[in-house]
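# Results of the structural survey
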Amino acid sequence: MPIGCAYIILKEITAMAQKKTILDLVKMKETGEKAAWMVMYDACFASYAEEAGMDMILVGDSMGMIVYGYEGTVPVTMDMSIAHCQGVRRGAPNTYLIGDMPFGAYHASVGDAVHNAVRFMKEGGVDAIKLEGGVAVADKIEAIGKAGIVVFGHIGLTPQSSAAMGGFKVQGKNTATAKAVIDDAIAVYKAGARALLLEGVPEEVCAFVHKILPIPVYGIGAGIQCDGQVILAADALGMYKNFTPKFAKKYCDIGEIATRGMKDYIEEVKGGRFPAPEHKYKFGGDIDEFRAFLEETEKNLDL
Ligand code: KIV
């Protein structure tokens, strides 16, 4: 085998070996290395995430708003989620991938929950699933975990239940509601979740959950005292215009760059400056013969 080929294969094997497992996430917690993960939905962005060294990617049901233009996450289906997981997996073959169980995929029965979690693994190529809810879904978490699937819990502000919460509202802002969040965290852990995401809670609440639970605890809008952060790529990269939560930081403005690029394109098309010579294909045959053929064709046209 030529040395070049051997080198490429070795490089690929090394790259594959770098894909994280749940044990790596636990190790990161133990060593105090924070995990950085992002929410995205397609192969193109996933390839950039992998190149950037993202620890994990979540294919979130926020695709309902960001990709499909709905007002919330409720309309997202299993088929939509799986298709997006497949795309992300192709774009980032060596990044830890989490599939987000959509609304209705695990609520009716434990059977539904296990069936749909298995679909995420078999069809979506994910490494773990995430589902929203605490005490109320502990039986589903337990059953999915017993099927050998890594479950990430998600409590606090849970967008799928925003109607029941009266909107996208920060949770646990007083002792009574903080107790409910903490009870949910304990229930999720006891049910066998291997990691937990807290969304939209005061930092003190997240810090306490992080202190008492031995599993990785991550945050989104939950302060810094936990094992890592997740953010929507659409928020962090400046792609979503409709709403930006207080906790989101814009690291760049793809929206602005895209609008500028589109304006330039429109201007060049209308001004006859695009395509330029370097964007055209050359005719490779006998040009005289071709011209004669066109002349003959035009002469005999019957339109
Ligand atoms: O769907 C999503 O984007 C999420 C994040 C809010 C974590 O669940």
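Please refer to the structure placed before this passage.
Everything in this summary refers to the structure shown in the same document.

What counts and how
- Residues numbered from 1 in each chain as written.
- Predicted model: local features only at pLDDT ≥ 70, side-chain atom pairs only at ≥ 80, totals over all residues.
- Heavy atoms only, no water.
- Salt bridge = Lys/Arg side-chain N within 4 Å of Asp/Glu carboxyl O.
- Helix = DSSP H or I, 4+ residues; strand = E, 2+ residues; numbered from the N terminus.
- Axes fitted to C-alpha atoms, helices over the stretch in contact; angles between N-to-C directions.
- Parallel < 35°, antiparallel > 145°, perpendicular 65-115°, else oblique.
- Left-handed = near helix turned anticlockwise from the far one by under 90°.
- Contact = heavy atoms within 4.5 Å.
- Nonpolar A, V, L, I, M, F, W, Y, C, P; charged D, E, K, R; others polar.
- Near = heavy atom within 4 Å.
- Polar contact = N/O pair within 3.5 Å; in protein donor to acceptor, adjacent residues only side chain to side chain.
- Areas by Shrake-Rupley, 256 points an atom, 1.4 Å probe, with all protein chains shown as cover.
- 1 Å grid on protein atoms, 1.4 Å probe; cavity = no way out; pocket = protein on both sides within 12 Å on 5 of 7 lines; lining within 4 Å.
- Sits in = over half its atoms within 2 Å of the grid points.
- Points joined across faces, edges and corners; volume = space filled by probe spheres on them.

## Focus on the pattern of salt bridges
- Inspection of the entire model under this criterion finds 14 salt bridges.
- Across the salt bridge formed by R119 and E123, the nearest N and O atoms sit 2.8 Å from each other.
- Through salt bridges with shared partners, a single ionic network connects K19, R89 and D127.

## Details of unusual backbone geometry
- In this structure, the amide linkage connecting F274 to the following residue, P275, adopts the cis form with an omega of 5°.
- Tracing the backbone through its elements, the reader meets P275 in the loop between α12 (254-270) and α13 (287-299).

## Brief notes about the packing of helix α9 (residues 175-190) against helix α10 (residues 203-212)
- Two elements in contact, α9 and α10, have axes whose closest approach is 10 Å; the angle formed by their N-to-C orientations is 30°. With respect to each other, α9 and α10 are oriented roughly parallel. Relative to α10, the crossing made by α9 is right-handed. On the side of α9, the interface is formed by A178, V181, I182, A185 and I186, while α10 contributes V205, F208, V209 and I212.
- Of the residues in the contact of α9 with α10, the class split is 9 nonpolar, no polar and no charged.

## Topic: the site of the ligand
- Close to the ligand lie V39, L58, G60, D61, S62, D100, K130, H154, L197, E199, I220 and L232, which account for all nearby residues.
- A distance of 2.9 Å separates an oxygen atom of the ligand from a polar atom in the side chain of D61.
- D100 has a polar side-chain atom sitting 3.2 Å from an oxygen atom of the ligand.
- When the ligand is considered free in solution it has 260 Å² of accessible area, and contact with the protein chains removes 96% of it.
- Judged by the proximity of its atoms to the pocket grid, the ligand belongs to the largest pocket.
- Class assignment for the residues of the shell around the ligand results in 5 nonpolar, 3 polar and 4 charged.

## Digging into the layout of surface pockets
- By volume, the largest pocket is sized at about 740 Å³.
- Taken together, 34 residues form the lining of the largest pocket, with F168, E199, F243, P245 and F247 sitting closest to its centre.
- Elements that contribute at least two residues to the lining of the largest pocket include exactly α4 (63-66), β4 (128-132), β6 (195-199) and β8 (228-232).
- Taken together, the residues that form the lining of the largest pocket break down as 18 nonpolar, 7 polar and 9 charged.

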